[in-house]
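Results of the structural survey
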Amino acid sequence: GPQRSASGITVQAPCQSHPSLQLKVADWRSWAYTDGNCQVQNGKTVIRAGVYHPKSDSQSLVEASGAGITNTIGRSELAAITAALTHDHTHVATNSLSSLHQFRKQILYPEKHRHHVQGDALKKIPNLALTSQDHIFFFKVNSHAGIRLLNTRPPSKMAT
(Lines give C-alpha, C1' and ligand atoms only; values in the text may rest on other atoms or scores of the structure.)
Protein backbone atom coordinates (compact mmCIF):
# COMPACT_ATOMS: atom_id res chain seq x y z
CA GLY A 1 0.00 0.00 0.00
CA PRO A 2 0.98 3.66 0.08
CA GLN A 3 3.84 4.72 2.30
CA ARG A 4 3.64 7.99 4.23
CA SER A 5 6.49 10.47 4.26
CA ALA A 6 6.99 13.91 5.83
CA SER A 7 5.75 15.54 2.62
CA GLY A 8 2.58 13.48 2.31
CA ILE A 9 1.69 10.22 0.64
CA THR A 10 4.09 8.52 -1.72
CA VAL A 11 3.06 5.58 -3.81
CA GLN A 12 5.43 2.81 -4.71
CA ALA A 13 5.50 2.30 -8.44
CA PRO A 14 5.44 -1.44 -9.06
CA CYS A 15 6.32 -1.27 -12.76
CA GLN A 16 9.38 0.98 -12.49
CA SER A 17 12.74 -0.24 -13.74
CA HIS A 18 14.25 0.31 -10.30
CA PRO A 19 12.26 -1.12 -7.36
CA SER A 20 13.20 1.67 -4.93
CA LEU A 21 11.79 4.45 -7.14
CA GLN A 22 8.60 6.04 -5.89
CA LEU A 23 6.11 8.38 -7.50
CA LYS A 24 6.07 11.85 -5.98
CA VAL A 25 2.51 12.47 -7.16
CA ALA A 26 -0.02 9.66 -7.25
CA ASP A 27 -2.37 11.31 -9.76
CA TRP A 28 0.25 12.60 -12.23
CA ARG A 29 -1.75 11.17 -15.15
CA SER A 30 -4.54 13.68 -14.52
CA TRP A 31 -2.22 16.66 -15.02
CA ALA A 32 -1.74 18.48 -18.32
CA TYR A 33 1.92 18.73 -19.34
CA THR A 34 2.90 21.70 -21.49
CA ASP A 35 5.98 22.49 -23.52
CA GLY A 36 7.19 25.02 -26.04
CA ASN A 37 9.71 24.66 -28.80
CA CYS A 38 11.72 27.11 -30.88
CA GLN A 39 13.78 25.99 -33.88
CA VAL A 40 15.36 27.51 -36.94
CA GLN A 41 14.17 25.75 -40.09
CA ASN A 42 15.41 26.90 -43.50
CA GLY A 43 16.61 30.16 -41.95
CA LYS A 44 13.23 30.91 -40.37
CA THR A 45 12.44 30.78 -36.64
CA VAL A 46 9.53 28.44 -35.99
CA ILE A 47 7.82 28.22 -32.60
CA ARG A 48 5.45 25.46 -31.58
CA ALA A 49 3.67 24.52 -28.40
CA GLY A 50 2.02 21.37 -27.13
CA VAL A 51 -0.18 20.00 -24.36
CA TYR A 52 -0.23 16.34 -23.34
CA HIS A 53 -2.78 14.79 -20.97
CA PRO A 54 -1.71 11.23 -20.03
CA LYS A 55 -5.03 10.12 -18.52
CA SER A 56 -6.93 10.69 -21.77
CA ASP A 57 -3.82 10.13 -23.93
CA SER A 58 -4.71 13.36 -25.73
CA GLN A 59 -2.18 15.65 -27.30
CA SER A 60 -2.65 19.07 -28.83
CA LEU A 61 -0.30 21.10 -30.96
CA VAL A 62 -0.90 24.80 -30.44
CA GLU A 63 -0.34 27.79 -32.72
CA ALA A 64 1.89 30.14 -30.72
CA SER A 65 1.43 33.00 -33.26
CA GLY A 66 4.59 34.95 -32.60
CA ALA A 67 6.15 37.32 -35.12
CA GLY A 68 9.37 39.28 -35.13
CA ILE A 69 10.61 39.90 -31.59
CA THR A 70 7.67 37.96 -30.09
CA ASN A 71 8.61 34.77 -31.97
CA THR A 72 10.43 33.20 -29.00
CA ILE A 73 10.53 30.10 -26.84
CA GLY A 74 8.92 32.16 -24.07
CA ARG A 75 5.90 32.81 -26.25
CA SER A 76 5.58 29.14 -27.15
CA GLU A 77 5.71 28.14 -23.45
CA LEU A 78 2.98 30.70 -22.64
CA ALA A 79 0.86 29.47 -25.56
CA ALA A 80 1.05 25.89 -24.29
CA ILE A 81 -0.04 26.90 -20.76
CA THR A 82 -2.86 29.01 -22.21
CA ALA A 83 -4.04 26.06 -24.30
CA ALA A 84 -4.12 23.79 -21.24
CA LEU A 85 -6.32 26.29 -19.41
CA THR A 86 -8.53 26.77 -22.46
CA HIS A 87 -9.15 23.01 -22.46
CA ASP A 88 -10.26 23.20 -18.80
CA HIS A 89 -7.24 21.50 -17.26
CA THR A 90 -6.94 22.42 -13.59
CA HIS A 91 -3.49 20.91 -12.89
CA VAL A 92 -0.94 22.28 -15.34
CA ALA A 93 2.71 21.23 -15.35
CA THR A 94 5.37 23.20 -17.19
CA ASN A 95 9.15 23.15 -17.39
CA SER A 96 9.14 26.92 -17.85
CA LEU A 97 9.93 28.57 -14.54
CA SER A 98 10.17 31.86 -16.41
CA SER A 99 6.53 31.57 -17.53
CA LEU A 100 5.39 30.83 -13.98
CA HIS A 101 7.25 33.90 -12.69
CA GLN A 102 5.98 36.12 -15.49
CA PHE A 103 2.28 35.41 -15.09
CA ARG A 104 2.57 35.58 -11.30
CA LYS A 105 4.06 39.03 -11.79
CA GLN A 106 1.21 39.85 -14.20
CA ILE A 107 -1.33 39.01 -11.48
CA LEU A 108 0.44 40.87 -8.66
CA TYR A 109 1.91 43.85 -10.54
CA PRO A 110 0.12 44.27 -13.90
CA GLU A 111 1.47 47.80 -14.27
CA LYS A 112 5.00 46.35 -14.66
CA HIS A 113 3.92 44.48 -17.80
CA ARG A 114 2.21 47.34 -19.64
CA HIS A 115 4.96 47.37 -22.27
CA HIS A 116 6.13 43.76 -22.03
CA VAL A 117 6.96 42.25 -25.42
CA GLN A 118 4.76 39.23 -24.61
CA GLY A 119 2.08 41.31 -22.85
CA ASP A 120 -0.83 40.01 -24.91
CA ALA A 121 0.11 36.39 -24.17
CA LEU A 122 0.82 37.12 -20.50
CA LYS A 123 -2.62 38.61 -19.89
CA LYS A 124 -4.47 35.51 -21.12
CA ILE A 125 -3.22 33.09 -18.43
CA PRO A 126 -4.22 35.09 -15.34
CA ASN A 127 -7.56 35.98 -16.95
CA LEU A 128 -8.34 32.32 -17.63
CA ALA A 129 -7.17 31.23 -14.18
CA LEU A 130 -8.98 33.98 -12.28
CA THR A 131 -12.28 33.49 -14.13
CA SER A 132 -12.27 29.70 -13.86
CA GLN A 133 -14.99 27.99 -11.82
CA ASP A 134 -12.27 25.66 -10.45
CA HIS A 135 -9.05 26.25 -8.58
CA ILE A 136 -6.09 26.12 -10.95
CA PHE A 137 -2.80 24.56 -9.86
CA PHE A 138 0.49 25.16 -11.65
CA PHE A 139 3.53 22.92 -11.21
CA LYS A 140 7.14 23.27 -12.25
CA VAL A 141 8.56 20.01 -13.61
CA ASN A 142 12.00 19.13 -14.89
CA SER A 143 12.77 19.66 -18.55
CA HIS A 144 12.89 16.53 -20.68
CA ALA A 145 11.40 14.44 -17.89
CA GLY A 146 10.41 11.65 -20.24
CA ILE A 147 7.40 13.14 -22.00
CA ARG A 148 8.10 14.27 -25.53
CA LEU A 149 5.55 16.81 -26.72
CA LEU A 150 7.00 18.21 -29.88
CA ASN A 151 8.43 15.68 -32.29
CA THR A 152 9.66 16.64 -35.72
CA ARG A 153 8.16 13.39 -37.02
CA PRO A 154 4.70 12.04 -36.19
CA PRO A 155 4.86 10.04 -32.93
CA SER A 156 3.04 6.80 -32.31
CA LYS A 157 3.00 7.68 -28.60
CA MET A 158 3.89 10.94 -26.87
CA ALA A 159 5.87 9.32 -24.05
CA THR A 160 9.47 8.39 -24.84
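The following refers to the structure shown. (Residues numbered from 1 in each chain as written. Predicted model: local features only at pLDDT ≥ 70, side-chain atom pairs only at ≥ 80, totals over all residues. Heavy atoms only, no water.)

Quick word on the packing of aromatic side chains
Note the threshold: What counts as a ring pair is set by centres within 6.5 Å for rings of Phe, Tyr and Trp (its six-membered ring), and what kind of pair is set by the plane angle: stacked under 30 degrees, edge-to-face over 60, tilted for all other angles. Helix numbering and strand numbering both begin at the N terminus, where a helix is a DSSP run of H or I of at least 4 residues and a strand a DSSP run of E of at least 2.
Per the counting criterion, the structure on display carries three aromatic pairs. An angle of 10 degrees between the planes, with centres 3.9 Å apart, marks the rings of Trp-31 and Phe-139 as stacked. Taken as a pair, Trp-31 in the loop between strand S3 (22–23) and strand S4 (32–41) and Phe-139 in strand S8 (residues 137–140) lie far apart in primary sequence, 108 residues in all. Of the aromatic side chains, those joined through ring pairs into one cluster are Trp-31, Tyr-33 and Phe-139.

Examining the nonpolar core
So the rule is basically this: To define a nonpolar core, start from buried Ala, Val, Leu, Ile, Met, Phe, Trp, Tyr and Cys residues and group those joined through side-chain atoms within 4.5 Å. Partly exposed describes any residue whose relative accessible area lies between the buried limit of under 20% and the exposed limit of over 50%, with all areas from a 1.4 Å probe on protein chains only and scaled to the type maximum. Residues are treated as being in contact if the distance between any of their heavy atoms lies within 4.5 Å.
Core analysis: the biggest nonpolar cluster contains 21 residues, and Val-51, Val-62, Phe-103 and Ile-125 have the highest contact counts within it. The set of elements that each furnish at least two residues to this core consists of strand S5 (44–53), helix H1 (73–86), helix H2 (97–108) and helix H3 (119–131). Ranked by the residues each element gives to this core, the list is headed by H1, at seven residues. Setting aside its immediate chain neighbours within four residues, Ile-125 contacts Leu-78, Ile-81, Thr-82, Leu-85, Phe-103 and Phe-138.

Overview of a nonpolar patch on the surface
Convention followed: Grouping into patches uses exposed residues only, defined as over 30% relative accessible area, and leaves out salt-bridged ones; the cut-off is 9 Å for like charges and 5 Å for nonpolar side chains (Val, Leu, Ile, Met, Phe, Trp, Tyr). Only the protein chains shown count as cover for residues, and the accessible areas themselves come from Shrake-Rupley with a 1.4 Å probe. Salt bridges are defined as contacts in which a side-chain nitrogen from Lys or Arg sits within 4 Å of a carboxyl oxygen from Asp or Glu.
Nonpolar side chains collect at one region of the surface, where Ile-107, Leu-108, Tyr-109 and Leu-130 lie side by side and expose about 390 Å² of accessible area between them. Topologically, Tyr-109 is positioned in the loop between H2 and H3.

Describing the environment of Ile-136
Mapped onto the elements, Ile-136 comes out in the loop between H3 and S8. Along the backbone, Ile-136 and Asp-88 are 48 residues apart, and their C-alpha atoms lie at a distance of 9.4 Å. With near-sequence residues (within four places) excluded, Ile-136 lies in contact with Leu-85, His-89, Thr-90 and Ala-129.

Looking at the packing of H1 against H3
Definition in use: The convention used is that axes are lines fitted to C-alpha atoms, helices contributing only their stretch in contact, and that angles between N-to-C directions extend from 0 to 180 degrees. Oblique is the label for any angle not under 35 degrees, not over 145, and not in the 65 to 115 range, which are roughly parallel, roughly antiparallel and roughly perpendicular in turn. In this scheme, a crossing is called left-handed if the near helix is turned counterclockwise away from the far one by less than a right angle; it is called right-handed if the turn is clockwise.
As a packed pair, H1 and H3 sit with axes 9 Å apart at the nearest point and diverge in direction by 25 degrees. On the basis of their axis angle, the class for H1 and H3 is roughly parallel. For the element pair H1 and H3, the recorded crossing hand is left-handed. Contact residues: Arg-75, Leu-78, Ile-81, Thr-82, Leu-85 and Thr-86 in H1; Asp-120, Ala-121, Leu-122, Lys-124, Ile-125, Leu-128 and Ala-129 in H3.

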